[in-house]
Amino acid sequence: MSQNQGENRDDRWWLQEGAEWCPFCDISLHAEGLSYCIACDRAVCMVCVSQGPDAGEIYCPECGAKADSGEA
Ligand SMILES: [Zn+2]
Ligand SMILES: [Zn+2]
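Here the structure is a predicted model, which is why all the values come from computation and not from measurement.

Peer 1: Could you clarify how one ought to interpret the overall build of the chain in this entry?
Peer 2: Along the backbone of the chain there are one helix and six strands. Starting at the N terminus, the α and β elements of the chain follow one another as β-β-β-β-β-β-α. Counting across all 72 residues of the chain, residues that qualify as buried make up 15%. Sequence separation of at least 24 residues holds for 9% of the intrachain contacts in the chain that already meet a minimum separation of 6.

Below is the structure:
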């Protein structure tokens, strides 16, 4: 019944380069594998993500380092 057009055209999508890009480790990947820094709103992949002091706070490595040093 449901036709997912535009999405899931290829069921091996995870093997392909994604439309999103992590600027910190320079790889392409899918949006499903990315989080967004709550400070600068840049995409950051799960490898580069820097967890804030509170659960659910996602920072990029740069903002994570700033938050770590106590800078606002
Ligand atoms: Zn990355
Ligand atoms: Zn950031």
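Peer 1: Would you mind going over unusual backbone geometry with me for this structure?
Peer 2: Trans is the prevailing form of peptide bonds, just as negative phi is the prevailing case for residues other than glycine. With a phi angle near 65°, aspartate 41 is a residue other than glycine that sits in the positive phi range. With respect to the secondary-structure elements, aspartate 41 resides in the loop between strand 3 (34-36) and strand 4 (43-45).

Peer 1: Looking at this model, I keep getting lost on the nonpolar core. Mind explaining?
Peer 2: In globular proteins that are soluble, nonpolar side chains generally tend to be buried together. If you look at the biggest cluster of nonpolar residues, it comprises nine residues: Cys22, Leu29, Cys37, Val44, Cys45, Cys48, Tyr59, Cys60 and Cys63. With residues up to four places along the chain from it excluded, the contact list for cysteine 22 reads Ile27, Leu29, Leu34, Ala43, Val44, Cys45 and Cys48.

Peer 1: Can you help me understand the environment of serine 28 in this one?
Peer 2: Mapping serine 28 onto the fold places it in strand 2 (residues 27-29). Sequence-wise, serine 28 and cysteine 45 are 17 residues apart; in three dimensions their C-alpha atoms are separated by 9.4 Å.

Peer 1: What should I look at first to understand the environment of aspartate 26 in this one?
Peer 2: By the element assignment, aspartate 26 lies in the loop between strand 1 (20-22) and strand 2. Considered as a pair, aspartate 26 and cysteine 45 are 19 residues apart in the sequence and their alpha carbons are 9.9 Å apart.

Peer 1: Help me understand the confidence of the model for the chain in this model?
Peer 2: A low pLDDT score tells you not to read the predicted coordinates there in detail. Summary statistics for the chain give a mean pLDDT of 78 and a share of 71% for residues scoring 70 or more. No element of the chain has a lower mean pLDDT than strand 2, at 77, and none a higher one than strand 6 (residues 58-59), at 93.

What counts and what doesn't
- Residues numbered from 1 in each chain as written.
- Chains lettered and ligands numbered in written order.
- Predicted model: local features only at pLDDT ≥ 70, side-chain atom pairs only at ≥ 80, totals over all residues.
- Helix = DSSP H or I, 4+ residues; strand = E, 2+ residues; numbered from the N terminus.
- Buried ≥ 20, exposed ≤ 12 C-beta atoms within 10 Å, placed from the backbone.
- Contact = placed C-beta atoms within 7 Å.
- Core = buried A, V, L, I, M, F, W, Y, C linked by C-beta atoms within 7 Å.
- pLDDT = per-residue confidence, 0-100.

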